[in-house]
Amino acid sequence: MKIAVVGTGYVGLVTGTCFAETGNDVTCVDIDRRKVEKLANGEITIYEPGLEKLFLRNLKEGRLNFTTDLEAGIKDASIVFLALPTPPGEDGSADLKYVLGVAEDIGKLLTDYKVLVDKSTVPVGTAEKVHAAVAKNYTGEFDIVSNPEFLREGVAVDDFMKPDRVVIGTSSERARKLMGELYSPFVRSGNPVIYMDERSAELTKYAANSFLATKISFMNEIAQLCEKLGADVDMVRLGIGSDDRIGKRFLFPGIGYGGSCFPKDVQALVKSSREVAYDFQILNAVMDVNEKQKLHLLPKVRRYFKDDLKGKHFALWGLAFKPNTDDIREAPALYIIEELLAAGATVTAFDPEAMKNVRQAIGDRINYAENQYDALKGADALIIATEWNEFRTPDFLKIVTSLKNKAIFDGRNLFDVAAIAELGFHYESIGRKA
Ligand code: UGA
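An unreviewed UniProt entry lists the chain under the name UDP-glucose 6-dehydrogenase, from Flavihumibacter stibioxidans. Quoted verbatim from the Pathway (unreviewed entry) heading of the UniProt record, the comment on the chain is "Nucleotide-sugar biosynthesis; UDP-alpha-D-glucuronate biosynthesis; UDP-alpha-D-glucuronate from UDP-alpha-D-glucose: step 1/1."

Here it is in structure tokens:
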């Protein structure tokens, strides 16, 4: 099948590459000339484990192409994916200017039937708006499909190739057939393609992310309670997670959810609800809890240092909002840094992938270390903000010899409380007995 993907950001590039991998002829279109040049020359523009290999192979074998020319890019395609940014506007609602702008442009260029697919996370009712934007300039036949993506950064290729489900929202039988054919290689394992109307598909995406965010905020509140009641959140997590109705996944407490999706999508769903005079009470609480949770480690640090952080120096392991990504959007580490600096402390950080992005965002307001142990030199304590695998079983002897105090504040519950106490550390984590 011939496919076009408009927008070569994170979603667009993963989508284009994975469709090429299953034998389709894919053209990716972007207005950013430099980015298109880089991609066409085999230089990948995002960090995503496993993607580069597929990207290079499909590029070499000619199934993956890049262009800035929208007309040429979509000319022969039977399906055109829109993978465009939908940044939150000032009021928290998704800004559709890019999606609708491209839809209008496509309307000017269409000469035959095509399916246009919304891949971006867009508010309920967007499919109708996209339809209207295309129809401004084109009176022929075309269909709009809402096909939300459920990719997690860091495992996006796997999520795309082996999806738990594919959601296809369309009222057109013709579009449904084409989309079913395109996705058939991805659901061989028996996971479902779920067909529904456009509005339900659009809401499914927000409901999925908001539900997961709710699970996290719920567990973060249970963790707070554990600390006050002398219970252990790991035990409670195992105790409730074994119930199939609750499930084991996404029950890990920490220092709040971050990234480009959960914070934005929860906020956007609250905003959409308000627009139809509905107060989505649970989600307001989910956001409040998350804001507080990002700074949950700080009172513990302050208490240890008797409320005087001035002149103290901290080693910080982890900057990315989660492991296996260089993404620092809404990363709890950044909030922790701001609090420490405001209190007169200094910070040396290490992250395997995200230091470049942090340097771009906040420059030399903190120091950056070559590796995780370098970050410890002369520090008063260690703070852990991201659960990279390489932080899980560190050389504790090196930690002891580098830190001024044997103190670790762990926002991701990486270490066994009893084992680390035996090593003589002052260790504080989330929702567990110190
Ligand atoms: C999320 C969803 O998981 C994807 O299904 C969705 O497609 C994507 O958003 C999107 O809308 O594009 P992502 O933001 O990449 O994916 O990250 P997750 O792995 O879901 O983690 C989100 C946040 O939750 C992270 O900050 C993570 O640390 C936190 N988290 C996750 C917890 O605090 N506890 C958990 O148990 C799980």
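Picking up where we left off.
1. Description of the overall build of the chain
Of the regular secondary structure elements, the chain holds 17 helices and 14 strands. Oriented by its inertia axes, the alpha-carbon framework of the chain measures out at about 70 × 45 × 40 Å. The buried share among the 434 residues of the chain stands at 44%. Across the chain, the fraction of contacts at a sequence separation of at least 24, relative to all contacts at a separation of at least 6, is 72%.

2. A closer look at the domain arrangement of the chain
For the chain, the domain assignment lists domain 1 (2-195), domain 2 (205-289) and domain 3 (297-428). Look at where the C-alpha atoms of domain 2 and domain 3 centre, and you get two points 25 Å apart. Residue composition of the side of domain 2 that touches domain 3, by class: two nonpolar, five polar and one charged.

3. Section: the pairing of strand β2 (residues 25-29)
In terms of burial, β2 is largely enclosed, as four of its five residues are buried. When strand β1 (residues 2-6) meets β2, the two strands line up parallel, connected through five bridges. Its bridge partner being in β2, Val5 is matched across the sheet by Cys28. You can see the chain leave β1, run along helix α1 (residues 10-21) and come back into β2, and the turn it takes is right-handed. Judged from the four bridges that link them, β2 and strand β3 (residues 64-67) form a sheet pairing that is parallel. Within β3, the residue paired with Val29 across the bridge is Thr67.

4. A short note on the UniProt feature "domain: UDP-glucose/GDP-mannose dehydrogenase C-terminal" (unreviewed entry) in the chain
Mapped onto this numbering, the UniProt entry annotates "domain: UDP-glucose/GDP-mannose dehydrogenase C-terminal" (unreviewed entry) at residues 315-417. Between the C-alpha atoms that bound residues 315-417 the distance is 20 Å, and the span itself is 26% helix and 17% strand.

5. Things to note about the site of the ligand
Surveying the vicinity of the ligand reveals 20 residues, the closest of which are Glu153, Phe252, Tyr257, Gly259 and Cys261. Here the shell around the ligand gets three residues from one element, more than from any other, and that element is helix α9 (residues 198-229). Partitioning the shell around the ligand into residue classes produces 11 nonpolar, five polar and four charged. Taken domain by domain, the shell around the ligand gets at least three of its residues from each of domain 1 (2-195) and domain 2 (205-289).

Conventions and cut-offs
- Residues numbered from 1 in each chain as written.
- Predicted model: local features only at pLDDT ≥ 70, side-chain atom pairs only at ≥ 80, totals over all residues.
- UniProt positions renumbered as here; feature names shortened; annotations may be inferred.
- Helix = DSSP H or I, 4+ residues; strand = E, 2+ residues; numbered from the N terminus.
- Buried ≥ 20, exposed ≤ 12 C-beta atoms within 10 Å, placed from the backbone.
- Contact = placed C-beta atoms within 7 Å.
- Domains from an automatic or database assignment.
- Nonpolar A, V, L, I, M, F, W, Y, C, P; charged D, E, K, R; others polar.
- Pairing = 2+ DSSP bridges.
- Right-handed = clockwise from strand over helix to strand, strands pointing away.
- Near = placed C-beta within 6 Å.

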